[in-house]
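Report on the structure
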Amino acid sequence: MSEQLPRKRIWPVVGAFLCGLAVVFGAIVYIAGHSGSAIGPAIAAVGGPFHLEDQEGKPVSDQDVKGKPFLVFFGYTHCPDVCPSTLFELSEVMKWLGKDADRTGVLFITVDPERDTPAVLKDYMSSFDPHMRALTGDPAAVEAALKAYRVYAKKIPLKDGDYTMDHTAVVYLMDKDGRFVAPFNLKQTPEAAAEVLRRYL
Ligand SMILES: [Cu+2]
C-alpha cells in the first residue's frame, strides 16, 4: 500500500501536464491552419517552369502538361529499388485509369542527366506504361527542375569509380494549373490511387 499512494498523487499531475500539451498542440494546429502565411507559400513553392526533353528527344516544358493533372517523380535509371518499384506502381495506376490516362501525365525526371540520355531513358521506359514520359536535359536544366520541385539529389561515389544517387522519392500530385496538391500516395491499391487522380481531371 505504501507504493500505491505516491502513484495516485502523480497521475493527476501527469494528466494536467498532458492536457496542457493538448492545448498547446491544439493552438499550434489552429494557428498553422488559419495563418496561411506559414504553410501556404511553402506548398505553392513546389513546382514551376522547366525545360527538358523526353525519351524521344522531344522538348517538354511545364506548359505541355498544363490543363491536365499530373504526377512528377524524380529518380534515375540506375536506381536499384525505389525508382523501378515506384514506376511499376505508377504503371499500375495508369492501367486502372484506362482511357482517362490520356487526360493525365506522369513525368519521371532524371536526377542523373550524365548517364540518363534520351536513348537510355527510352530503353528503360519500355518496361513501363507508355503514358509515362521520362525527362532529361543538360545538367543546368535538370538542376533548375530539381530546384523548382525542391528535390534533393546527391551523387554518392562507389569504390569502383561508379556512383549512385541519393534522392527525394516523393511523387508529387499537381493539379490542372500546375499547382502542387499533395504527395501522391502509392501505399494504397492502384485502383484507389487512380480514383484520387481522377478527382483532379
Ligand atoms: Cu531511385
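Residues numbered from 1 in each chain as written. Predicted model: local features only at pLDDT ≥ 70, side-chain atom pairs only at ≥ 80, totals over all residues. Heavy atoms only, no water.

Here the focus is the nonpolar core. Among the nonpolar cores identified, the biggest contains 51 residues, and V72, F74, L87, L90, Y149, Y172 and F184 are the most heavily contacted of them. Tallying contributions element by element places helix α3 (residues 82–97) first for this core, with six residues. Each residue touching L90, except ones within four places of it in the same chain, is listed here: L71, F73, V106, M132, V171, F184 and L186. (Core = buried A, V, L, I, M, F, W, Y, C linked by side-chain atoms within 4.5 Å. Buried < 20%, exposed > 50% of the residue type's maximum accessible area, 1.4 Å probe, protein only. Helix = DSSP H or I, 4+ residues; strand = E, 2+ residues; numbered from the N terminus. Contact = heavy atoms within 4.5 Å.)

Atom-level detail of predicted coordinates should not be read off regions where pLDDT is low. Taken over all residues, the pLDDT of the protein chain has a mean of 85, while the share at 70 or more is 78%. Counting contacts from residues 1–6, a segment whose pLDDT is below 50, to residues more than four positions away or on other chains yields zero contacts. Every residue in residues 10–39 is under pLDDT 50, and counting partners more than four places away or in other chains gives two contacts. (pLDDT = per-residue confidence, 0-100.)

Let us now look at the pattern of salt bridges. One pass over the structure, following the stated rule, counts eleven salt bridges. E114 is paired through a salt bridge with K155; the nearest N and O atoms lie 2.8 Å apart. Of this pair, E114 sits in the loop between β4 (105–110) and α4 (118–125) while K155 sits in strand β6 (residues 153–157), placing them 41 residues apart in sequence. Taking relative accessible area as the criterion, E114 reaches 56% and is therefore assigned exposed. Ionic pairing is found between E195 and R198, a salt bridge with its closest N-O pair at 2.5 Å. Separated by three residues within a single helix, E195 and R198 lie in helix α6 (residues 190–198), roughly one turn from each other. A residue is classified by how much of its surface remains accessible, and R198, at 26% relative accessible area, is partly exposed. Each of the salt bridges in this network shares a partner with another, and the network as a whole consists of D100, R103, E195 and R198. (Salt bridge = Lys/Arg side-chain N within 4 Å of Asp/Glu carboxyl O.)

The subject of this paragraph is the environment of V171. Among the secondary structure elements, V171 is positioned in strand β8 (residues 171–174). Its relative accessible area of 4% is what places V171 among the buried residues. Taking the C-alpha atoms as reference points, V171 and L107, 64 residues apart in sequence, are found 9.6 Å from one another. With residues up to four places along the chain from it excluded, the contact list for V171 reads L71, V72, F73, T86, L90, A182, P183, F184 and L186.

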